[in-house]
Amino acid sequence: MGDLNVRAVRDEQDYRDFMNCMLKDLHALEYMLKEGWFESGITRIGAEQEMCLVDHRLKPSHHNLEALEKIDSSYFTTELARFNLEANLDPLEFRGDCLSVMHKQLKRVLEEAQLKTKDLGADLLLTGILPSIRRMDVGIDKITPLARYHALMQAIQAMRGAMFELRLDGIDELNVKQQTAMLEACNTSFQVHFQVSPDDFACLYNIAQAITGPVMAVAVNSPMLFGRRLWKETRIALFQQSIDVRVFSEHIRDRSPRVTFGNNWIKNSITEIYQEDIARFQILLRSDVDEDVKQMIKEGKTPKLRALNIHNSTVYRWNRPCYGISDNGKPHMRIENRIFPAGPSVPDEMANAAFWLGLMNGMRDSCPDVTKRMTFDHAKSNFFAAARFGLDTKFTWFDGQKITPAQLILEQLLPIARHGLEKANIDETDISTYLGIIEARADSGRTGSQWILDSYDKLVEEGSSKDEVSTFITAAIQLNQQHGRPIHTWELASTDYIEYRPDGILVEEFMQTDLITVQETDLLSLVTNLINWRKVRHILVENREGNLVGLVTARAILRYHANHQFIGETEKEMTTVEEVMRKEPVTIEPEGSIMHAMELMNTHRVGCLPVVKGDQLVGVITKSEFLEVTSNLMRRLSRK
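Rules behind the numbers
- Residues numbered from 1 in each chain as written.
- Predicted model: local features only at pLDDT ≥ 70, side-chain atom pairs only at ≥ 80, totals over all residues.
- Heavy atoms only, no water.
- Core = buried A, V, L, I, M, F, W, Y, C linked by side-chain atoms within 4.5 Å.
- Buried < 20%, exposed > 50% of the residue type's maximum accessible area, 1.4 Å probe, protein only.
- Helix = DSSP H or I, 4+ residues; strand = E, 2+ residues; numbered from the N terminus.
- Contact = heavy atoms within 4.5 Å.
- Disulfide = S-S within 2.5 Å.
- Axes fitted to C-alpha atoms, helices over the stretch in contact; angles between N-to-C directions.
- Parallel < 35°, antiparallel > 145°, perpendicular 65-115°, else oblique.
- Left-handed = near helix turned anticlockwise from the far one by under 90°.
- Nonpolar A, V, L, I, M, F, W, Y, C, P; charged D, E, K, R; others polar.
- Patch = residues over 30% accessible without salt bridge, like charges linked within 9 Å, V, L, I, M, F, W, Y side chains within 5 Å.
- Areas by Shrake-Rupley, 256 points an atom, 1.4 Å probe, with all protein chains shown as cover.
- Salt bridge = Lys/Arg side-chain N within 4 Å of Asp/Glu carboxyl O.
- Lys, Arg positive; Asp, Glu negative; His and termini not counted.
- Charge placed at Lys NZ, Arg CZ, Asp CG, Glu CD.
- Arc of directions from axis to C-beta.

A. Structural context of the nonpolar core. Judged by nonpolar contacts, the single largest core of 183 residues is most densely connected at L99, L225, F355, W356, M363, I473 and I621. Take this core: its biggest share by element is 12 residues, from helix α5 (residues 201-217). Those residues in contact with M363 that sit more than four places away from it in its chain are I207, I211, V370, W397, F398, L413 and I416.

The structure is reproduced here in structure tokens:
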């Protein structure tokens, strides 16, 4: 749970004061390590569950503060956007039935919260990226209204400038401009903590880095954003780009992003990571530090190291080092696994956690030093390959072995994970249950992402529109989660899970965005051919800046030829779009309702509505889309 009592740095003196506090904290940490203050001989685990709030139409519900008030539980806290919540589970000793105990607690906490949010018309949903999320859901007006989040957005924007581009590609492509880092709010995760002793930290942190690729490959659950099919775990690229504060120039510089896998293996101590983060990354947030670290160390009291922790919370390593204080007053250190997406179900999340924890506890026995068996670049490459392609890739593993993720998991890693869990005296039933889910997932290839993509293909083939597809997929996720089914047992999404109602959708969810356009100076004969080739009745006209300047209809072309049938063919051939286009067509904004779009089309007797944001052309709605949705509804009603 992040520190909420923070603010942006005001000036250079403010920056230097907080830097001084961080350096004191780091020296205190080094002293405590040297003098053996840290807790050892016990291993605890913990988890943080991020989630989405959705309304009755399975779109984001922006009422997290109201939901928190209803839930009234110390387990829950806010997240960046108003459709996000986070639950923090109790730490447990890593032994016996801890995994099933954590599973039961998570299930109970979610169910109790779900009952209390019903009055708001909101449901809780676990998913890496909500399939039904829209661009408007991550505007700055949807930020949770707390000082910490506003300070973070302001600090990021101050470092990187007013506007930058987000570029992602997979099956589809997504290119959008953003002014703030609010796109990061699309991501929800299940973060697992593993307490380690100081002497074991370097070895186990390197193991965490080495296994991140295969663990990610079998856990991917976020292949879609704004209706585009992108990476198998789109969260990875989206998080890095949305929080990126690097400013580039024409000169080649190696600059690390704040969302990072790291740059090398750890050699000796946790302090190496903190030192690198202070050296590489500017302060984003600060607080008013109220502890005298030097005096506390002299008195034998454990300091909170608040300045160091705040800076650590704004450097987003996928395997993050964490400093904390146990209930007995002793300091401890943890490795936080941040790669797992939320969902697709609680059993799936617990299976991911069990697999990772087993590998963390068992890998050292079969490979005492992973840095001697593989290069850091291969570990990093495996991670990003897994994020892009999931199980459909090939890794470079120990000693240069080329192997698929599924083969690696089934043949090598599952036995190691089982050994690691047995070594911790985890109950056999829990071991078999959770590792059995991983085995079935790897064997079948049915990850959360693959299920979403297969469901997408099925629904599109059946004639569903873009908004229908995202709605039906989200409805199927919700139903299967409620039944607690692991993903490898799910049937593909269908149109039967929810009664689709298009009357409440927005233009953004309905419009076409794959546009064929022309410019004013283009030949009218080009438009005539485009209308014939594309079997459409309208062609939009935009300028070089992407602004809408007109509309050409098939009727306008016919009228032109009827009125000019006696002029020469050569003159006709040289006619430009500007001479025929309607210069001020009726338009609508993407945030408008689909009902308003229908009213505009009926009132103005037009069959096409360009969609504009300001003057920028972003999409189009035609009567054929309404006909398609109507026919889909009638077909489903007839079948029922």
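B. Spotlight on unusual backbone geometry. In the segment running from G343 into P344, the intervening peptide bond is cis, with an omega of 0°. Of note in the backbone geometry, F226 takes a positive phi value of approximately 55° without being a glycine. Here F226 is to be found in the loop between β10 (224-225) and β11 (228-229). On the basis of relative accessibility, which here comes to 10%, the residue F226 falls in the buried class. The phi torsion at R605 lies on the positive side, around 55°, for a residue other than glycine. The class for R605 is exposed, based on a relative accessible area of 78%.

C. Broad picture of the state of the cysteines. Here the structure, examined in full by the defined rule, presents zero disulfides. Here C322 is not cross-linked by a disulfide; its sulfur's nearest cysteine counterpart is in C98, at 19 Å. Under the relative-accessibility criterion, C322 is labelled buried at 7%.

D. Molecular detail of the packing of helix α1 (residues 12-34) against helix α7 (residues 271-280). Orientation of α1 relative to α7, taken along the N-to-C sense of each, is 170°, at an axis distance of 11 Å. By the angle between their directions, the pair α1 and α7 is classed as roughly antiparallel. α1 and α7 meet at a crossing whose hand is left-handed. In contact with M19, M22, L26, L29, E30 and L33 of α1, α7 contributes T271, Y274, Q275 and I278. Across the contact of α1 with α7, the residue classes break down as seven nonpolar, two polar and one charged.

E. Region of the structure containing the packing of α5 against helix α10 (residues 346-366). The N-to-C vectors of α5 and α10 enclose an angle of 130°; their axes lie 10 Å apart at closest approach. With respect to their mutual orientation, α5 and α10 come out oblique. The handedness of the crossing between α5 and α10 is right-handed. Residues C203, L204, I207, A208, I211 and V215 of α5 pack against F355, W356, L359, M360, M363 and R364 of α10. Here the residues of the contact of α5 with α10 are counted per class, giving 11 nonpolar, no polar and one charged.

F. Quick peek at a positive patch on the surface. Together, R537, R555, R559, R582 and K623 make up a region of like positive charge exposed at the surface. One can find R555 in helix α18 (residues 554-563).

G. Structural context of helix α2 (residues 64-71). Taken together, the buried positions of α2 are N64, A67, L68 and I71. In an axial view of α2, the angular spread of the buried residues amounts to 100°, which keeps them on one side of the axis. Those residues of α2 hidden inside the fold are in contact with β2 (44-54), β3 (76-78), β4 (84-88) and α3 (98-117). Taken from the residues just after α2, D72 is the one with a positive phi, measuring 50°.

Such coordinate-based values are descriptive only and should not be taken to indicate function.
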